[in-house]
Amino acid sequence: MTWSDGFSLAFHGMISNKLRAVLTMLGVIIGVAAVIVLVAIGQGAASIVSSRIETLGTNVIFVSPAAGTPFPMSETGIIAHALPFSVQVVPEMNTGGKVSTLSTEGTAQIAGTTSSYLRLGGISVAAGHFITPQEVSSAQHVAVLGANQALNLFGGQNPVGSSIMIMGQQFQVIGALNAVGQGPGASQDNEIFIPITSAQPLFGTTQLSQMIVKTSSPSQANLAADYLTNLYTNELGSSSAVNVASEDQVLQTLQATRATFTNLLAGTAAIALVVGGIGIMNIMLVSVTERTREIGIRRALGATREDILLQFLLESMIMSLSGGLIGVVAGLGIMNLIPLILKTPAVFSPSALILAFVFSTAVGLIFGLYPAIKASGLDPIHALRYDG
Amino acid sequence: MIQITNVIKDYTLASQVYRVLNGITFTIPEGMLAAIVGPSGSGKTTLLNILGGLDSPTAGEYLLNGRDVSHFDPDEWAHERNHTIGFVFQSFQLIPSLSARDNVALPLVYRGVPARIRRIQADEGLERVGLGHRKHHRPAQLSGGQQQRVAIARALVGDPPVLLADEPTGNLDHATGLEILEILRQLSEQGKTVVIVTHSAEVAQVCRQVIEVQDGHIVTNTLEMEQKV
Ligand SMILES: Nc1ncnc2c1ncn2[C@@H]1O[C@H](COP(=O)(O)OP(=O)(O)O)[C@@H](O)[C@H]1O
Ligand SMILES: [Mg+2]
């Protein structure tokens, strides 16, 4: 039997019962879609945090509220006054959202902040200017684009002076940033900065995402972290209501979180794909039984055991791979909805795509093997006598 | 030409050994129309399956067209059936999901013949058995006689020198059975070795060589009697 005959035979076997094939594929579809979506969310979350650490330098600490802890702009002054040395306190609020020009649209991490953000270092202006104190105090609808956003929305044209829509409202582009660089920490390239005073009505909250505190040395950063931890523990009676973290701590937490997330992801994907694989194996076993007589006939007419093995193995692989393909499409669809629904960015990862394909092929192969071996091992005489 | 010597076949059921064939020896020359007859359960189907390599004997020698095939493994037999043996069964054994044309073309699939050529040869085969107008019918849309013609076309499509038929008229009415028998007789006249398992005396009468099996032994072989005379 030629390969093309083998494929066409396996394909016809699958489409001869379409509903059953789709139901069988469901496990693989869900598994693959889950891998793509979870990886995208994980990458998106990791990219926000790690980029700050990698680009803002070693003198920085992050102060962020736990869910339920009020954290308005006034905290800026409280933090500055609580420390016995002078620091720079930069407030920030973040959300993921839709952005568009007349001709293109996409998603971005929107950061509401003040003019002092630029002085944290790590970013530099490529064109135009960064947000000014005047634009903050008068809540101007102005925006500064990270390098990727400028590229995605304006395709290399100078965006300064153009209008863009951010989460449904019109903003004037006043500046564009240089690329921070490659790697997982490059997410400022995917951000759009707007005055924090315009972000508040746009996001519908006055709650800050975090405060970035810049000190003059790493040791001062550790000291400031201790001070602020004490401050909030005394004030709020709980050490967990506000999270104070120096770069070291954030890095450690981040790595731990990433490891946990990766394990969780691997576990979820493995379970979904194993369940999918068992579904395929089950249906292939049914199919072998239903087609026992057909197998006997084919053997009587000259099919070798290998021909039969190949027929059933290809069928389960095509089924699994089709499931993987549908899962990829579904996963990409869901991924694009995530910034709208969960307000977190989702970053597409080609490696997840490759992983999904490799896994779904492997599932078809592994779980199809037993039914195929069973089919190829049938005694042709018994198979011809079988009436089912 | 089919030559078997001292073929024995045992079945083990519940650790009890049953000898179904007990030292069968015969020769069926090339181009012969031969019948294997005998009461039900006498081992005719078992014998035919051994001739086609679907079953393997417990002991004995088998020369097929001069080649020793006694120790062929299942895949060597698959190749052998694909090239030198056509099978016709009592219950037709067509694949229900395939059209008449695709059923007939099946042996060619396992020879690696390209689809276009398979189609041409299958259509020719269907024409030869008078079913040129039923190419696209499924087995369920054909009468028993038509299904058996499709099965014969399938057995012949690869032009094998040997045709093995297990009660090919058993599921057909008398007139249709005679038509099928006539097709098989003509094939033997064209030089094919045709072996028919039957318990119809009328079918056996048409055959020049009649081998009668009883309790695992051959009780008569008309060809040997001829040669002795
Ligand atoms: N797989 C098997 N296991 C045990 N006994 C079998 C098997 N196949 C056939 N037999 C026995 O062998 C004998 C001959 O069967 P068969 O060749 O089908 O006879 P016939 O075709 O002459 O009616 C019967 O008694 C049958 O029960
Ligand atoms: Mg029989």
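Residues numbered from 1 in each chain as written. Chains lettered and ligands numbered in written order. Predicted model: local features only at pLDDT ≥ 70, side-chain atom pairs only at ≥ 80, totals over all residues. Heavy atoms only, no water.

A.B. asks: Describe the overall build of chain A, naming the residues involved and giving the relevant values.
C.D. replies: Across its full length, chain A carries 12 helices and 10 strands. Radius of gyration (C-alpha) of chain A: 28 Å, far over the 21 Å computed for a compact globule of 388 residues. Considering only C-alpha atoms, chain A reaches an extent of 90 × 50 × 30 Å along its principal axes. Looking at chain A as a whole, 49% of its 388 residues are labelled buried. A separation of at least 24 residues holds for 80% of the contacts in chain A among residues at least 6 apart in sequence. (Helix = DSSP H or I, 4+ residues; strand = E, 2+ residues; numbered from the N terminus. Rg over C-alpha atoms; globule rule 2.2 N^0.38 Å. Buried < 20%, exposed > 50% of the residue type's maximum accessible area, 1.4 Å probe, protein only. Contact = heavy atoms within 4.5 Å.)

A.B. asks: Account for the side chain of T193 of chain B, with residues named and values stated.
C.D. replies: Residues and elements named next belong to chain B. Along the polypeptide, T193 turns up in strand β8 (residues 193-197). For T193, a relative accessible area of 1% corresponds to the buried category. Apart from residues no more than four positions distant in its own chain, T193 is found in contact with M1, I28, P29, E30, G31, M32, P161, V162 and L163.

A.B. asks: Quick rundown of the site of ligand 1? Include the residues and the values.
C.D. replies: Near ligand 1, the surroundings consist of 13 residues, among which G41, G43, K44, T45 and T46 of chain B are the closest. At ligand 1, the nearby residues belong to more than one chain, namely chains A and B. Contact between ligand 1 and Y11 of chain B: a nitrogen atom at 3.3 Å from a side-chain N or O atom of the residue. A distance of 2.7 Å is found between an oxygen atom of ligand 1 and a backbone nitrogen or oxygen belonging to G41 of chain B. In the complex, 69% of the free accessible area of ligand 1, which totals 560 Å², lies under the protein chains. (Near = heavy atom within 4 Å. Polar contact = N/O pair within 3.5 Å; in protein donor to acceptor, adjacent residues only side chain to side chain. Areas by Shrake-Rupley, 256 points an atom, 1.4 Å probe, with all protein chains shown as cover.)

A.B. asks: If you had to explain the interface of chain A and chain B to someone new, which residues and values would you point to?
C.D. replies: With 21 residues of chain A at the interface, the matching set in chain B holds 23 residues. Looking at the side of chain A facing chain B, the largest losses of area belong to I297, L301 and I381 of chain A, adding up to 29% of the total buried there. For the interface between chain A and chain B, the tally reads two salt bridges. Across the pair D5 of chain A and R118 of chain B runs a salt bridge, and its minimum N-O distance is 2.8 Å. There are eight residue pairs in polar contact (both at pLDDT 80 or more) connecting chain A and chain B. Elements supplying a minimum of two residues to the side of chain A that touches chain B: α1 (3-15), α9 (292-300), α10 (305-341) and α12 (380-385) of chain A. Considering only residue class, the side of chain A that touches chain B consists of nine nonpolar, four polar and eight charged. (Buried area = accessible area lost by both parts, 1.4 Å probe. Salt bridge = Lys/Arg side-chain N within 4 Å of Asp/Glu carboxyl O. Nonpolar A, V, L, I, M, F, W, Y, C, P; charged D, E, K, R; others polar.)

A.B. asks: Can you break down the packing of aromatic side chains residue by residue, with the values?
C.D. replies: A full pass over the atoms with the stated rule returns eight aromatic pairs over all chains. Both rings, one in Y117 of chain A and one in F193 of chain A, keep their centres 4.9 Å apart while their planes meet at 45°; by these two values the pair is tilted. Taken together, the residues Y117 of chain A in the loop between β3 (105-113) and β4 (125-128) and F193 of chain A in strand β8 (residues 191-195) connect sequence positions 76 residues apart. Per residue, the accessibility class of Y117 of chain A equals that of F193 of chain A, and both read buried. Judged by centre distance (5.6 Å) and plane angle (65°), the rings of F72 of chain B and W77 of chain B are edge-to-face. For W77 of chain B, a relative accessible area of 6% corresponds to the buried category. An aromatic cluster is defined as three or more aromatic residues linked by ring pairs; in this entry it consists of Y117, F130 and F193 of chain A. (Phe/Tyr/Trp six-rings, centres within 6.5 Å; stacked < 30°, edge-to-face > 60°.)

A.B. asks: For the sheet that holds strand β5 (residues 67-68) of chain B, give the residues involved together with the corresponding values.
C.D. replies: In sheet architecture, strand pairing relies on hydrogen bonds along the backbone and comes in two forms, parallel and antiparallel. Residues and elements named next belong to chain B. Taking strand neighbours across the sheet as the criterion, the four strands line up as β2-β1-β4-β5 in an open arrangement whose pairing is antiparallel. In this open sheet, the two edge strands, each paired with only one partner strand, are β2 (16-28) and β5. Here strand β4 (residues 59-64) pairs with β5 via two bridges, running antiparallel. Considered in β5, the bridge of L64 is made with R67. (Pairing = 2+ DSSP bridges.)

A.B. asks: Can you explain helix α6 (residues 174-189) of chain B? Please cite residues and give values.
C.D. replies: Residue and element names in this part refer to chain B. Taking 1.5 Å as the rise per residue, α6 with 16 residues should run 22 Å; its terminal C-alpha atoms sit 23 Å apart, in good agreement. Those residues of α6 that sit buried are T176, G177, I180, L181, I183, L184, L187 and S188. All buried residues of α6 fall inside an arc of 155° around its axis, so they share one side. Residues of α6 that are exposed and point more than 90 degrees away from the buried face comprise H174 and E189. Residues of α6 that are buried in the fold lie against β3 (33-37), α5 (144-156), β7 (162-166), β8 and α7 (201-206). Its side-chain oxygen placed 3.2 Å from the backbone nitrogen of A175, D173 serves as the N-cap of α6. Remark: G191 follows α6 within two positions and exhibits a positive phi of approximately 105°. (Expected span 1.5 Å × (residues − 1). Arc of directions from axis to C-beta.)

A.B. asks: With reference to specific residues and values, describe the domain arrangement of chain A.
C.D. replies: Domain annotation of chain A identifies domain 1 (3-51 + 253-385) and domain 2 (58-247). Measuring from the centre of the C-alpha atoms in domain 1 of chain A to the corresponding centre in domain 2 of chain A gives 43 Å. (Domains from an automatic or database assignment.)

A.B. asks: Describe the sheet that holds β7 of chain B, listing the residues and the values that go with them.
C.D. replies: Residues and elements named next belong to chain B. Within the open sheet, the six strands sit side by side as β6-β7-β8-β3-β9-β10. Their pairing is mixed. Of all the strands in the sheet, the pair left with one neighbour each is β6 (85-88) and β10 (217-221). Across the sheet, the axes of successive neighbouring strands diverge by a mean angle of 20°, strand direction being ignored. Bridge analysis of β7 against β8 gives five bridges, and the strand direction is parallel. Bridged to L163 within β8 is V194. (Axes fitted to C-alpha atoms, helices over the stretch in contact; angles between N-to-C directions.)

A.B. asks: Can you break down the pairing of strand β1 (residues 60-65) of chain A residue by residue, with the values?
C.D. replies: Residues and elements named next belong to chain A. With six of six residues buried, β1 lies mostly within the body of the structure. The two faces of β1 match: V60, F62 and S64 on one face and I61, V63 and P65 on the other face are all buried. Bridge count between β1 and strand β9 (residues 210-214): four bridges; the pairing is antiparallel. Paired with V63 across the two strands is M211, which belongs to β9. Bridge count between β1 and strand β10 (residues 242-246): five bridges; the pairing is antiparallel. Across the sheet, the residue bridging to P65 is V242, located in β10.

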